[in-house]
Each structure stands twice: as C-alpha cells, then as structure tokens.
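Observations on chain architecture
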Amino acid sequence: MCTKKVISVILAVLMLFVSLSSLTAFAEEKYPPLESGVYGYIDENKYPIKKNENHRVVKELDPALELQIKQDYIALNPYNGKGEEATTDDVVVKYYGTLSDGSMLVCPYTADSIWLEQVTCQVIGKYVYMLPNRTLTKWGKDAKIYKNHQFYGIMDSYIEGTLSDDLLDEIADILCFGEFVNPNETKPSFGESYDKTYSITREPEEKYICDTTIDSDFIDNHIIVCLFNEASLKFKKYSVDDFKDLGVVSVIQSSTDKEMGNKVEAKITEFCNKAVSELELAPEYFDVLKDALIKNELDSLDIADRLTDLVNEQVELGEMLEYIYKYNQTLLLTLDTHDKQNVLDTVKELEKNNDIMIAQPDGIYIVDDPDSTQPETTKPASTPDTPGTAGNKNPHNSSSNNANGAVPTGQNNPLFAVCILLTLSICGAVFAVKLRTVKK
C-alpha cells in the first residue's frame, strides 16, 4: 500500500508541474512585442533592442543595370527637386546587395530633392530599422526592394505578406537592422525588473545654437526649423506670414510630420478623456488637463499626485504621455535669395524666437546613412509609410506566430504541454483502474 501511495503522489506532482508549465507557456509575452509599422518612439526599457554595430556597404553596380534603375525611378518620379523634368543625370542609385530570389536592395533618389521627415522607427517583424536619435532626419536613405522594374517598401511588403521571413532575414543582415530581444528568453532574474516609472512632466529641452560656418556645405536658400514641444503641441499651421521680414517664400511641413502631429493630437484627447474618467473628475476638467499638459503644468494641479499614480498604474497612459512629450514639429523654410551668408544671418534671427528649439542650414546635421560621404537631403523613392499601417491584414502579426512567423513547436508550444498533461492524466487514470483491479 505504501508503494502505491508513493506512486500516486509522484504522478500527482508530475501532473501539477505540467499544468503550471502549460499555464506559463500561455502567459508568455508575445514576440515580437510590437506589430510591424512606423513608430515615432520605442521605449527600449520595455522593449529591449539589440542594435547592429555593423554598417551597411554600398556595392558596385553594373552601369547598364544602374541606368535601367534610374529610368524606372524616373517613370515613378518624373520631376526633380526643382520641379523640372528629371533626367538620369539627376538620379543617384545606391546598391546594397541581391537577395536569394533575385530582387535587389537599392536606394534611388534625385540628389537635389528636398524632403524633411520626423524621426521614426520602422518595426519589421522581429527587426527594427532604427533612425538616429536626432530631432531632424530624412527618409531618402530608406532602401527599397527592386524587382521586375518596380520598387517596393520593405516594411509594406512584409505587412502585406509578400516578403517572406527568410528574405527579411537576408535584408536585415545586409542593411544591419536592429532586433528585438525576445522577452521569453531574457526574463529578468530575481530582484531585477524592467518596470519604469513615468512622470507627468516632460524632460527639459534646451535651445540649440547653430555653429555652422560659411565654409560648411549646405543649401544656400534652405533652413530647417524644429519647435519646442510646447509650441509643437499647439499644432499651428505655419505660413510665410509667420516669418515676416526674413525673406521666407515657402514653409513646408512634411506629410509624415503632419500625420504624426494628428496622431499626437488624438492621443492628447484620449489621455485627457481617460484621466477624467478614471479619476472621476467633472467633464469641464478636460480642458484644464489639456491646457496643463501642453504647458507642462500637470504637476501644479491639485490632482497631480493622483495623476502620477494613475499613469504608473495604467502603463498605457504613461507611454501615451511620454509619446506626446517627444513630439517636435519640423518645418522647411525656403528663402527668396540664394546666399549662404543670408542663410546664416536668418538662422541667428530665428534663434531669437522662443518657440524655436533648433534652426539650422539644410544639409549639415541631417545624415542618417553611415555609408554617405556627402550631406544630402532627398525625397523618398515612394510615398512614406503611414504611421499605424500595421493591422489585421498582416499575416506576420498573428498572435499565433513566433519570431519566424511560424507556429511554435516543441516545448515552446503551449499545445505540447497540454498534450503531455492529457497523456499523464490518462496514464494516471489507467494506473488507478489497475490498482483497483489488483486490490479486488
């Protein structure tokens, strides 16, 4: 009898262990942690990223093939940055490599085109295309897939399911993408945590004083302006009238910057609505919260302590507030004269404006391509990806997929643990029947 009891206890312990294992498998964090798409900011404390320390390399391209790529690019983008009909002499092509399916990774652009974009990160499956940690950048160095005379965005192709995981791995290796650290493989040890404390105040921003000299290489009638966060959150539509007496004939805010501004504005409304609801405030408190948020005065409200507790209890609100505080509106100003000294003089005048955090000539600090030897500003080969394009249409974003876009197998598959549990349960039942039979 004693032996039978010991065996029963052992079976019970094994069944309990497998049950806990299966529950743990179901509770594992989703990986990759973010759906494919464009993000203005990624919290690396919450989503650790392993950056690739290598640099992508520009390779030599057959002249005949290069000419064909230029012609195909002009067919999609018939005008250069001056508004004139583009020629093959206007187009620059950078070639990074060929994939196993024969498609090529190229970056075509017209050298004199101007396009200003907000800093963004492209999440493509388990990979992250990290742009520099700068306020200003450009999209023109975004490599494209070139096949059958057509150009395809890497992220869009992956979301649409036309780019396989194997080809994405090849692209990531060639273009040196960063990669999410799998949270299921890097659980914090005892006593450690990835928890982050959120603040209801924005981090201090400092005015940047331009030190560019006349000998520097920059466009002689362009100035890039970046606004402080408080000024940006007013979402003002700027025109030449806002820069009177400075000879400004054009003010451009890129489509991506506008889209990001719309997204931030929506998040402000969402944050204030949720705060009013969760803290059970009067409806008229919405405007008070919104005004204080924009002015960075949330900590001066009588509900500051409750609001701080709320953004840390509900992490999505903390992340929302952090995202709002990182938005800086960017503008491209065109002057009426082509004169480098006039550009520098105008920059100094713009620096006197309290809403402007950065004013600088175009072509100095906007380099996001490590293989680039010349400061350039470029227009993308195709329409910039829209924030939030990731959705249910992406087969790679299914929660049933692992990092490689396939159903998990072996011990990483929750079904595996469930099968073991059922098997042991059946064995236990059979064993119990046999014990009763022997006893009889």
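Residues numbered from 1 in each chain as written. Predicted model: local features only at pLDDT ≥ 70, side-chain atom pairs only at ≥ 80, totals over all residues. Heavy atoms only, no water.

**With respect to the sheet that holds strand S10 (residues 150–153)**
Spatially, four strands are ordered S3-S4-S9-S10 in an open sheet, and the strand pairing comes out antiparallel. Of all the strands in the sheet, the pair left with one neighbour each is strand S3 (91–98) and S10. Strand-to-strand twist of the sheet, defined as the mean angle between neighbouring strand axes without regard to direction, takes the value 40°. Relative to strand S9 (residues 144–147), strand S4 (residues 104–110) runs antiparallel, the two being bridged by three bridges. Considered in S9, the bridge of Val-106 is made with Lys-144. Against the sheet, helix H4 (residues 165–175) engages S3, S4 and S9, with an angle of about 55° to S4. (Pairing = 2+ DSSP bridges. Helix = DSSP H or I, 4+ residues; strand = E, 2+ residues; numbered from the N terminus. Axes fitted to C-alpha atoms, helices over the stretch in contact; angles between N-to-C directions. Contact = heavy atoms within 4.5 Å.)

**Considerations on the confidence of the model for the protein chain**
The predicted model of the protein chain has a mean per-residue pLDDT of 75, with 67% of residues at 70 or higher. The lowest-confidence element of the protein chain is strand S8 (residues 136–137), averaging 34 in pLDDT; the highest-confidence one is helix H10 (residues 340–350), averaging 95. Every residue in residues 114–118 is under pLDDT 50, and counting partners more than four places away or in other chains gives 30 contacts. Note on residues 364–395: pLDDT is under 50 here. Beyond four places in sequence and across chains, it has 106 contacts. (pLDDT = per-residue confidence, 0-100.)

**Quick word on the packing of aromatic side chains**
For the structure on display, the rule yields five aromatic pairs. With 6.3 Å between their ring centres and 85° between their planes, Tyr-73 and Phe-151 make a pair best called edge-to-face. Of the two residues, Tyr-73 is situated in helix H2 (residues 63–76) and Phe-151 in strand S10; the sequence distance between them amounts to 78 residues. The pair Tyr-73 / Phe-151 is uniform in exposure class, with both members buried. An angle of 40° between the planes, with centres 5.0 Å apart, marks the rings of Tyr-146 and Phe-151 as tilted. Per residue, the accessibility class of Tyr-146 equals that of Phe-151, and both read buried. Within the aromatic cluster, the residues linked to one another by ring pairs are Tyr-73, Tyr-146 and Phe-151. (Phe/Tyr/Trp six-rings, centres within 6.5 Å; stacked < 30°, edge-to-face > 60°. Buried < 20%, exposed > 50% of the residue type's maximum accessible area, 1.4 Å probe, protein only.)

**Description of the pairing of strand S6 (residues 121–124)**
In S6, alternate side chains face the same way, and those of Cys-121 and Val-123 on one face and Gln-122 and Ile-124 on the other are all buried. Direction of pairing for strand S1 (residues 37–39) relative to S6: antiparallel, over a ladder of three bridges. In the strand pairing of S6, Tyr-39 is matched with Cys-121.

**Observations concerning a negative patch on the surface**
A cluster of acidic side chains, namely Glu-230, Glu-297, Asp-299 and Asp-355, defines a negative patch on the protein surface. Counting through the fold element by element, Asp-299 comes out in the loop between helix H7 (285–294) and helix H8 (304–313). On the basis of relative accessible area, Asp-299 is assigned to the partly exposed category, the value being 46%. (Patch = residues over 30% accessible without salt bridge, like charges linked within 9 Å, V, L, I, M, F, W, Y side chains within 5 Å. Areas by Shrake-Rupley, 256 points an atom, 1.4 Å probe, with all protein chains shown as cover. Salt bridge = Lys/Arg side-chain N within 4 Å of Asp/Glu carboxyl O. Lys, Arg positive; Asp, Glu negative; His and termini not counted. Charge placed at Lys NZ, Arg CZ, Asp CG, Glu CD.)

**So, the sheet that holds strand S12 (residues 222–227)**
If you trace the four strands from one edge of the open sheet to the other, you get S13-S14-S12-S15, paired in antiparallel fashion. In this open sheet, the two edge strands, each paired with only one partner strand, are strand S13 (248–252) and strand S15 (356–361). On average, each strand axis in the sheet is inclined to that of its neighbour by 25°, with strand direction left out of account. Inspection of the sheet shows S12 paired to S15 by five bridges, in the antiparallel sense. Paired with Cys-226 across the strands is Ile-358, a residue of S15. The strands touched by H10 are S12, strand S14 (330–335) and S15; relative to S15, the strand with the most contacts, the crossing angle is about 175°.

**Some remarks on the pattern of salt bridges**
Two side chains of opposite charge can pair, provided their charged atoms sit close to one another. Counted according to the given criterion, the structure contains eight salt bridges. For Glu-270, the salt bridge goes to Lys-274, with nearest N and O atoms at 3.4 Å. Here Lys-274 and Glu-270 lie together in helix H6 (residues 255–278), a separation of four residues that amounts to about one turn. Given a relative accessible area of 33%, Glu-270 falls into the partly exposed group. Among the ionic pairs, Glu-351 bridges to Lys-348, the shortest N-O distance being 3.6 Å. We classify Lys-348 as partly exposed; its relative accessible area is 40%.

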